[in-house]
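# Observations on the model geometry
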Amino acid sequence: MNQSDFVAELSWRGMVHQTTEGLPAHMATPGRVAYAGFDPTADSLTVGNLVSAMLLARLQRCGHKPIVVMGGATGLIGDPSGKSSERQLLDPAQVKKNVAGQRKIFEKLLDFTGPNAAVIVDNAEWLLKMGYIEVLRDIGKHFSVNQMVTRDSVANRLESREQGLSYTEFSYMILQAYDFAHLFKAHGCTVQMGGSDQYGNILSGIDLIRRLSQGEGFGLTAPLLLKSDGTKFGKSESGNVWLSAERTSPYRFHQFWLNASDEEVGKLLRWFTFFDRATIEALEAAQKANPSERAAQKALADAATEMIHGSAEVARAKTAALALFSGDIRALDAQLLAEVTHDLTSTSIAASSLDGDGVALLDFLATTPLAASKREARDFLAAGAVSVNGEKAVADAKLTRADVLHGAVILLRRGKKQWHAVRVADEAAR
RNA sequence: GGGCGGUUACUCAAGCGGUCAACGAGGGCAGACUGUAAAUCUGCUGGCUUAGCCUUCGGAGGUUCGAAUCCCCCACCGCCCA
């Protein structure tokens, strides 16, 4: 990749929403330092955060130096941008733990060695040391309240009678601006990147750099990532899609990308893979020519999963999917069965209860997450929504020893994608 | 402080003494069709031992054979006047 084409690279990928003036020329010189901020509100990141993370990763591949700023201090407060209600304040110990968890993910995306080694810093390092009077005197005087209240994020909250805006949140933009100014001085960082909702905060930072250091800062924002139906990206049926295996298994992660719609798969390939333009366009053409093959979705799912979880997990995810969706479950060997069921929710059942007539599926379903109540279980069974080991179950079905696979487990499914493992407890252990 | 209006299931929102487990819309779930999709169509969406029963309509009392619906008190929200 040519070292000078960072902005051009992002442009064809559709990842540029706005840039400040002069940014393309500024980035033409290799070795620039840029940062993006992340809130330590959880011990992991979601695919929503992946947008900013990918900006940093691409930056580094273009010969620049990325800085990850963890909002260890600002996370204690919460950014009002794009939020309609006051944020819960985080406990400092929790923030510390979250910062550590997120660091592990960045280590997969960025190179922390070499001349452009990525750096992770926590704004608690400099913000917590500052005294209140010092902030007011040295930083606050550079901000005009008149200007601050005209910002959309603030104005919306001021108009909303129900929510209001606390002084704490109001001050957030000052702190973020100071982050940029601090990084400019301490790390020679001249560029801040983020989502489009961060543009205002970025401009404040550039302004502060000019006032405090008579220096020049730049900014770049990526478009907000929305699904084609306008809903928020990064949620699946089972909630948020996380980037750590503990929170979202590699199998589910792989499935998330595989289920991308035809309309958005091209965009997702551009944003979240390192494929070049020709490769992506070829995938899109293949997708269009033969939609049911889902070549583009498969390439996307494999590439994204490999990036976050490694190629071994890609193989496992694909094997599991093949077995669950098209394979004969009874034909799986014990090893593969164990892998497939590893991620699923599970319920234990005593082996003895499966003797003779066994246990009524209707009653049992209500004890699993597949059905919230017995009445719901009845509905599902009547609709033919439940299958046992891949075979559709009848309403008065019983679970017996004949259903147990490899002496260990029975696989239940509700609807198309809700799986549940019934683990048969070993009699001898009792 | 005074006057008025409101508080209904995940959300919005009807109901204004029995026919109300509560119209409708959205969302969610399931089925058919499909590509583990979209669109469309159908069903379900308080619980159960399901032709029935039980618990729900801001909270606590009361009137009544019977209340989400009427009365009283309390809490919260909104609008108007001071």
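Everything below is about the structure shown above.
## Brief notes about the sheet that holds strand 6 (residues 218–222)
Within the open sheet, the 6 strands sit side by side as 1-6-5-2-3-4. Their pairing is mixed. Of all strands in the sheet, those with a lone pairing partner are strand 1 (18–19) and strand 4 (119–122), marking the two edges. With 4 bridges connecting them, strand 3 (residues 65–70) and strand 4 associate as parallel partners. The residue bridging Ile67 from the neighbouring strand is Val119, located in strand 4. Docked against the sheet, helix 3 (residues 50–61) engages strand 2 (33–38), strand 3, strand 5 (191–195) and strand 6, running at close to 165° with respect to strand 2.

## Describing the protein's contact with RNA strand B
Not every one of the 24 residues close to RNA strand B is listed here, only the nearest: Gln255, Asp262, Lys374, Arg375 and Lys416. Near the protein, meaning within 4 Å, the atoms of RNA strand B are sugar or phosphate in a fraction of 64%, with bases accounting for the rest. Ser373 places a side-chain nitrogen or oxygen 3.4 Å from a phosphate oxygen of RNA strand B. Lys417 places a polar side-chain atom, nitrogen or oxygen, 3.3 Å from a phosphate oxygen of RNA strand B. For the surface near RNA strand B, the leading source of residues is helix 19 (residues 374–382), giving 5 residues. Here the surface near RNA strand B is composed, by residue class, of 7 nonpolar, 6 polar and 11 charged.

## Quick word on the environment of Ala360
Tracing the sequence through the fold places Ala360 in strand 10 (residues 359–360). Along the backbone, Ala360 and Leu399 are 39 residues apart, and their C-alpha atoms lie at a distance of 6.3 Å. If we ignore the near neighbours within four places in the chain, the residues touching Ala360 are Ala397 and Lys398.

## Describing the sheet that holds strand 11 (residues 386–388)
With mixed pairing, the 5 strands of this open sheet are ordered in space as 9-15-14-11-12. Each having just a single partner strand, strand 9 (345–350) and strand 12 (391–392) make up the two edges of the open sheet. Bridge count between strand 11 and strand 14 (residues 409–414): 3 bridges; the pairing is antiparallel. Each residue of the ladder has a partner; that of Ser387, found in strand 14, is Arg413. The strands touched by helix 17 (residues 334–342) are strand 14 and strand 15 (418–425); relative to strand 14, the strand with the most contacts, the crossing angle is about 45°.

## So, the nonpolar core
Of all hydrophobic cores here, the largest spans 58 residues; its most connected members are Phe38, Leu50, Phe106, Met193, Trp257 and Phe272. No other element matches helix 3, which puts 8 residues into this core. Here this core spans two domains, since at least three of its residues come from each of domain 1 (6–222) and domain 2 (235–325). Ala124, Met148, Ile174 and Phe180 belong to the second largest nonpolar core, which has 30 residues in total.

## A look at unusual backbone geometry
Here the phi dihedral of Asn389 falls at roughly 50°; this positive angle occurs in a residue that is not glycine. By secondary structure assignment, the location of Asn389 is in the loop between strand 11 and strand 12. On the accessibility criterion, Asn389 (2% relative accessible area) is buried. You will see that His406, though not glycine, has its phi angle at about 50°, which is positive.

## Some thoughts on the pattern of salt bridges
Scanning the model with the defined rule gives 12 salt bridges in all. Glu281 is the salt-bridge partner of Arg277, the closest N and O atoms lying 3.4 Å from each other. Of the two residues, Arg277 and Glu281 are both situated in helix 14 (residues 277–289); the distance of 4 residues between them amounts to about one turn of the helix. Judged by its relative accessible area of 39%, Glu281 falls in the partly exposed class. Between Lys318 and Asp302 there is a salt bridge, with the nearest N and O atoms lying 2.9 Å from each other.

## A closer look at helix 4 (residues 92–109)
Helix length check: helix 4 (18 residues) gives 26 Å between terminal C-alpha atoms against 26 Å at 1.5 Å per residue, within 8%. When helix 4 is considered as a whole, its buried residues turn out to be Val95, Asn98, Val99, Gly101, Gln102, Ile105, Phe106 and Leu109. If you follow the buried residues of helix 4, they end up packed against strand 2, helix 3, strand 3, strand 4 and helix 15 (295–309).

## Points about the packing of helix 14 against helix 15
Across the interface, helix 14 lies against helix 15 with an axial gap of 7 Å and an inter-helix angle of 140°. When the axis of helix 14 is compared with that of helix 15, the two are oblique. The residues of helix 15 that touch helix 14, namely those facing Leu283, Ala286 and Gln287, are Ala295, Ala296, Gln297 and Ala299. Here the contact of helix 14 with helix 15 is built from residues that sort into 5 nonpolar, 2 polar and no charged.

## Describing helix 15
When the terminal C-alpha atoms of helix 15 are compared, their 21 Å separation across 15 residues agrees well with the 21 Å that a helix rising 1.5 Å per residue should span. Burial of helix 15 is extensive: 12 of the 15 residues sit out of reach of the surface. On its buried face, helix 15 is in contact with helix 3, helix 4, helix 12 (250–258), helix 13 (262–272), helix 14 and helix 16 (311–325).

What counts and how
- Residues numbered from 1 in each chain as written.
- Chains lettered and ligands numbered in written order.
- Predicted model: local features only at pLDDT ≥ 70, side-chain atom pairs only at ≥ 80, totals over all residues.
- Heavy atoms only, no water.
- Pairing = 2+ DSSP bridges.
- Helix = DSSP H or I, 4+ residues; strand = E, 2+ residues; numbered from the N terminus.
- Contact = heavy atoms within 4.5 Å.
- Axes fitted to C-alpha atoms, helices over the stretch in contact; angles between N-to-C directions.
- Near = heavy atom within 4 Å.
- Polar contact = N/O pair within 3.5 Å; in protein donor to acceptor, adjacent residues only side chain to side chain.
- Nonpolar A, V, L, I, M, F, W, Y, C, P; charged D, E, K, R; others polar.
- Core = buried A, V, L, I, M, F, W, Y, C linked by side-chain atoms within 4.5 Å.
- Buried < 20%, exposed > 50% of the residue type's maximum accessible area, 1.4 Å probe, protein only.
- Domains from an automatic or database assignment.
- Salt bridge = Lys/Arg side-chain N within 4 Å of Asp/Glu carboxyl O.
- Expected span 1.5 Å × (residues − 1).
- Parallel < 35°, antiparallel > 145°, perpendicular 65-115°, else oblique.

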